[in-house]
Amino acid sequence: MQDKDDITGTDLSGLDWPDWLDRAEAAAGDDGYVQPLGETHAALFCERKPVLLVTFETFDRLEDLSDKGQPFGWTMLGALGWSHLCLLSRGDTWFRDARVYGFFDRLIDDGFFDEFEQVIFYGAGACGYAAAAFSVAAPGARVLMLRPQATLDPRVAEWDDRYLAMRRTSFTDRYGYAPDMLDAAAGAVLLYDPGVEQDAMHSALFNRASVLRFRTRHLGYMMEEVLVRMGVVPRILAQMSAGRLTRQSLAALWRKRRDERGYLFPLLRHLTGEQRDALTVRFCENVLARKRGGPRYRNALSQARARLDAPDG
């Protein structure tokens, strides 16, 4: 049997869907399984410690988060030895599929979630919707969502015109309206960028006492990639598990953005686009003083100073 510690060393990159599933199942060994759920979904389980992380992930974007094409959840499996259940989709499906519903029904009937001391659900975007929606299967679970949708039912979210192809998909049957599905959760954390109008509007639909909503400006659609690269997502999950996550601890983790180019570049574009020259000067001087910048920051600094020094500046 494969050594349990070897799973995070498995290279799954560059594989098509069937081969990826086959190699992932071999990596899971005797303490896990891979179960296809129709042609567009699959479930992958690895059993370790009695803390279970349930992640919803998209096959097409695995290599955006892992150079080995692994599920993000394996990060926590390797770092803390948590058990991991990954629900994987081919493309953005929001996991609106009867086979996925049936899979969770069987887990509930089998008392699967009761076997763990703690259950945490995680996802981003369409997968963030699913993390909230299916968390109802494990009452008392905690949930972390990055820029999730609450629903794509046009009667509720007709203002979201980004996913028109999903409008014929039902979001009103089982595991449907994500904010309602959080009622049984012990607590939830939602991160969103208020600069993305539709994401901010979805966030407002999650405005409940049990949901900690936190703004992460200038991350936009790349939120998950940037936060994972910063190491923030694993730390949030670890603090959630330990019961130590607060708005203050989130703010402390968010300070790591000061060294992350995925945050600094968009902020620079924002400042220069609005020609906020005084702020641009202060920002670029700060970045360059910390040796985090390059020609882009020096050029922006020079141009902003020139405009400020001009006679009509």
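One structure accompanies this document, and this report is about it. Note that the structure is a prediction, hence the values are computed from the model and not measured.

1. Details of the environment of P311
Thinking step 1. Here P311 shows up in the segment after helix 14 (295-309).
Thinking step 2. Taking relative accessible area as the criterion, P311 reaches 89% and is therefore assigned exposed.
Thinking step 3. For the pair P311 and H270, spaced 41 residues apart in sequence, the C-alpha separation works out to 25 Å.

2. Description of the packing of aromatic side chains
Thinking step 1. Scanning the model with the defined rule gives 23 aromatic pairs in all.
Thinking step 2. For the pair F104 and Y175, a centre-to-centre distance of 6.4 Å together with 55° between the ring planes defines the contact as tilted. A residue pair is termed long-range when its members are at least 10 positions apart, and F104 in helix 4 (residues 98-109) and Y175 in the loop between helix 6 (154-157) and helix 7 (178-181) qualify at 71 residues.
Thinking step 3. What makes F104 buried here is its relative accessible area of 0%.
Thinking step 4. Among the residues examined, Y175 registers a relative accessible area of 8% and is labelled buried.
Thinking step 5. With 5.3 Å between their ring centres and 65° between their planes, F112 and F116 make a pair best called edge-to-face.
Thinking step 6. Across from the ring centre of F171, 5.4 Å away, lies the NZ or CZ of R96, which sits over that ring.

3. Some thoughts on the state of the cysteines
Cysteine pairs can be linked by a disulfide, which is a covalent bond between their two sulfur atoms.
Thinking step 1. Counted according to the given criterion, the structure contains 0 disulfides.
Thinking step 2. With no disulfide of its own, C46 has C86 as its nearest cysteine by sulfur position, at a separation of 9.0 Å.
Thinking step 3. Of the residues examined, C46 reaches a relative accessible area of 0% and is grouped as buried.
Thinking step 4. Free cysteine: C86, not disulfide-bonded; nearest cysteine sulfur from C127 at 8.6 Å.

Calculation rules
Residues numbered from 1 in each chain as written. Predicted model: local features only at pLDDT ≥ 70, side-chain atom pairs only at ≥ 80, totals over all residues. Heavy atoms only, no water. Helix = DSSP H or I, 4+ residues; strand = E, 2+ residues; numbered from the N terminus. Buried < 20%, exposed > 50% of the residue type's maximum accessible area, 1.4 Å probe, protein only. Phe/Tyr/Trp six-rings, centres within 6.5 Å; stacked < 30°, edge-to-face > 60°. Lys NZ or Arg CZ within 6 Å of the ring centre and 35° of its normal. Disulfide = S-S within 2.5 Å.

What is shown is where atoms sit, not what they do.
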